[in-house]
Amino acid sequence: MARPDAAACPTHRRIAMRPQLVAEPAVPFLSTPYEEFGFGPLFAALDRVEHGGRSVEQVREELRNTRGPFRGRGAPVHPVHLAWTAHALERYVAARVREQAAAAEAGLPPTLAIGQPWTWRTRRLDAPDPRGARQYEHTLWGRMYTSADGAVRDLWLPSLGRAKTSRPGAELGAVARVMAHGAPTPRRRARDEPPTGATDTSRSPALVRVFDVGCADGSVEPLLGAAPSFGEGPVEARKRFEGDAVPAFLSIATATGTRPGESCVDCKAIAGCTDLKRTPSLWGGRRPPVARKRRSVSAWDLRLYAECPAQYHLVRRLHLNDLSGENEGARRGRFVDSWLDAHHGEQPVRGCRDRAAPNPDVLRSETELDEASAREATGMLAGHRLLCPLDGLGADERVLVQHRVTAYVPELDVVVLAVPDLVYTHRGRWVWRETKTSSRPLWERDSLLRTYPQLALGVLLFHAGALGDDPRRSWVELEHLREGHGESRLERIDPGRAEIVDEARHVIAGLAQPLLEDTTYEPRAGRHCHGCLARTWCRPGSAYATDHPLPHGPGAFSSADGSEPSAELTPRGGISSND
Ligand code: SF4
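If you're wondering where the values come from, they're calculated on a predicted model, not measured in any experiment.

1. A short note on the packing of aromatic side chains
Consideration 1: Counted according to the given criterion, the structure contains 14 aromatic pairs.
Consideration 2: With a centroid separation of 6.3 Å and 50° between ring planes, the pair formed by Phe 241 and Phe 249 is classed as tilted. Residues Phe 241 and Phe 249 agree in their burial class; the two are buried.
Consideration 3: Measuring from ring centre to ring centre gives 6.0 Å for Tyr 312 and Tyr 521, while their planes differ by 45°; the resulting arrangement is tilted. Placement of Tyr 312 in helix H8 (residues 309-317) and of Tyr 521 in the loop between helix H14 (498-517) and helix H15 (539-547) is noted, with a sequence separation of 209 residues between them. Taken individually, Tyr 312 and Tyr 521 each receive the classification buried, so the pair is uniform in this respect.
Consideration 4: Taken together, the aromatic side chains of Phe 37, Phe 39, Phe 43, Trp 84 and Trp 141 make up a single cluster linked through ring pairs.
Consideration 5: In this structure, Arg 96 is placed above the aromatic ring of Tyr 145, and the distance from its NZ or CZ to the ring centre is 3.7 Å.
Consideration 6: Sitting above the plane of the Phe 43 ring, Arg 143 keeps its charged end 5.1 Å from the centroid.

What follows is the structure, encoded as structure tokens:
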């Protein structure tokens with residue numbers, strides 16, 4: 001909660017901070033077909049080792065034999081999630097053993113897992129304070145350990161890929177204070193009121209230590225203090241809390257205003273929020289046969305789901321990450337996007353026609369791009385100079401870079417999230433522009449809306465009034481950038497035309513309905529497995545990648561931007577960067 005989040009909605013955070021406030025009308029508990037908390041099974045497995053006395057190998061065997069919920073509790077766990085848990089368990093325990101050996105060399109006592117988490121709570125007041133609160137309670141997330149004499153307290157914070165080398169000051173301040181002044185406290189059910197009394201702060205440890213641990217590679221990073229002990233005392237913890245965490249908490253507790261986006265998915269105030277645009281029947285979707293918790297859907301979700309339902313669940317929902325990284329095509333696309341965003345976001349607004357495209361040699365030395373990608377990126381940016389929409393744009397027009405467009409489909413209880421590359425106005429007309437980089441041309445035979453579902457989503461959101469007032473005065477544009485001179489093109493789509501809206505509905509319904517109804521998330525192996533961040537733990541995907549190696553290694557897979565249609569027909573017309 002203390003972690004800054006510029007994209008989060010202030011009202012959502014202010015309300016989320018008050019756990020006794022409940023949604024009106026109340027939201028019923030809805031089970032999920034699979035466990036949706038990535039670390040849930042790992043914590044259950046660690047409990048078996050750290051509290052249950054099982055060996056790592058015994059618990060890995062239990063995980064291997066699990067079908068459904070792990071140890072019969074909670075939601076069923078996806079088979080690939082179970083395999084990830086077995087991997088992460090081994091890396092985590094080995095990392096703890098290494099760190100404890102280093103701590104012993106530094107003269108520190110061993111630390112052991114605690115049964116009750118630390119909590120720091122104030123006494124409940126008879127009347128609310130100026131913020132409307134009668135009591136404050138600070139809790140921790142992570143794995144907690146203490147020395148036998150209570151002098152050393154450790155907190156281990158797992159990360160899904162590699163260990164983070166730092167965390168925001170406000171988060172560390174909040175964590176350090178609970179570790180230094182919190183007391184072991186029995187767990188409560190989610191909505192139960194806390195006891196009225198304050199927690200005992202008289203038995204402070206001498207040293208608190210916080211480590212981040214990477215579940216993919218077992219890396220460990222100390223987040224407090226310096227070598228050799230990597231910790232701080234209660235005095236430093238209090239200073240951190242007062243200097244970094246208190247301002248953050250006060251700002252969250254008192255912030256007003258709304259910012260529709262990802263926050264809407266868990267927001268207790270959604271029923272009364274007038275800033276979240278309602279778009280009933282956005283694509284004419286049917287309610288799934290079994291009710292589910294509110295979800296978000298983006299064009300990227302739809303794209304990954306269409307490739308492989310398991311990939312959507314594992315990478316988009318659970319955020320598993322095997323550190324296989326981006327391929328060259330995705331890296332190149334990301335670089336071009338960030339170059340355009342940086343220049344289009346400048347004030348005063350300026351077009352790109354007179355800007356020099358970057359030099360490929362400089363690009364190579366300053367970015368992660370290889371020689372070919374640096375050359376391609378330079379050619380694409382040169383193509384963009386002639387298609388940039390900001391040249392000649394009036395000073396009173398609006399230009400929004402990476403603007404979030406959010407809509408709520410009430411009958412499906414789905415929050416639709418879209419972030420167009422650029423949105424701007426032109427003489428009263430709103431224009432939504434997506435930019436795609438590609439090594440292949442656009443082909444006449446392929447439907448643009450089908451090839452790029454984010455264009456279809458843009459059409460529907462315009463049509464439903466989620467952006468601008470009048471779809472008949474709007475455009476959705478695709479800027480298709482290629483390396484060669486004169487090969488980049490601009491395509492325009494009119495969201496005011498009924499046949500375009502019908503096609504967009506058809507495209508999104510065809511992608512979204514199976515996603516919303518799925519309860520099994522089966523792996524569907526194919527070429528996309530080469531770019532899947534969960535492949536390490538997925539048997540069908542690993543077998544596919546072994547049997548179908550890429551011609552020039554993993555970097556050769558380059559469809560991450562969805563820009564590689566396979567048909568071999570006439571290139572499309574549109575406005576060329578030569579015109
Ligand atoms: S490796 Fe392939 S089959 Fe497995 S989850 Fe990823 S995309 Fe799906």
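2. What to know about the nonpolar core
Consideration 1: Counting residues in hydrophobic clusters, the biggest one holds 45 residues, and the most contacted among them are Trp 283, Leu 449 and Leu 461.
Consideration 2: Taken together, the elements giving at least two residues each to this core come down to helix H7 (299-307), strand S12 (405-409), strand S13 (414-418), strand S15 (429-437), helix H12 (448-451), helix H13 (453-463), strand S16 (474-481) and H14.
Consideration 3: With sequence-adjacent residues up to four places away left out, Leu 449 is seen in contact with Leu 455, Ala 456, Val 459, Ile 493, Ile 500, Glu 503, Ala 504 and Val 507.
Consideration 4: Counting residues in hydrophobic clusters, the runner-up holds 37 residues, among them Ala 45, Ala 95, Leu 304 and Cys 532.

3. Considerations on the domain arrangement of the protein
Consideration 1: Looking at the protein, the domain boundaries give domain 1 (10-254) and domain 2 (298-576).
Consideration 2: Relative placement of domain 1 and domain 2: their C-alpha centres are 37 Å apart.
Consideration 3: Of the residues lining the interface, 17 residues belong to domain 1; the matching set on domain 2 comes to 15 residues.
Consideration 4: Regarding the contact of domain 1 and domain 2, the summed buried area is about 1,400 Å², with carbon and sulfur atoms giving 71% of it.
Consideration 5: The largest per-residue losses of area from domain 1 upon contact with domain 2 belong to Glu 36, His 78 and Val 80, which jointly make up 34% of the total buried on that side.
Consideration 6: At the boundary of domain 1 with domain 2, the tally comes to one salt bridge.
Consideration 7: Residue Arg 317 pairs with Glu 36 through a salt bridge whose shortest N-O separation is 3.6 Å.
Consideration 8: The tally of links from domain 1 across to domain 2 stands at two residue pairs in polar contact (both at pLDDT 80 or more).

About the cut-offs
Residues numbered from 1 in each chain as written. Predicted model: local features only at pLDDT ≥ 70, side-chain atom pairs only at ≥ 80, totals over all residues. Heavy atoms only, no water. Phe/Tyr/Trp six-rings, centres within 6.5 Å; stacked < 30°, edge-to-face > 60°. Buried < 20%, exposed > 50% of the residue type's maximum accessible area, 1.4 Å probe, protein only. Helix = DSSP H or I, 4+ residues; strand = E, 2+ residues; numbered from the N terminus. Lys NZ or Arg CZ within 6 Å of the ring centre and 35° of its normal. Core = buried A, V, L, I, M, F, W, Y, C linked by side-chain atoms within 4.5 Å. Contact = heavy atoms within 4.5 Å. Domains from an automatic or database assignment. Buried area = accessible area lost by both parts, 1.4 Å probe. Salt bridge = Lys/Arg side-chain N within 4 Å of Asp/Glu carboxyl O. Polar contact = N/O pair within 3.5 Å; in protein donor to acceptor, adjacent residues only side chain to side chain.

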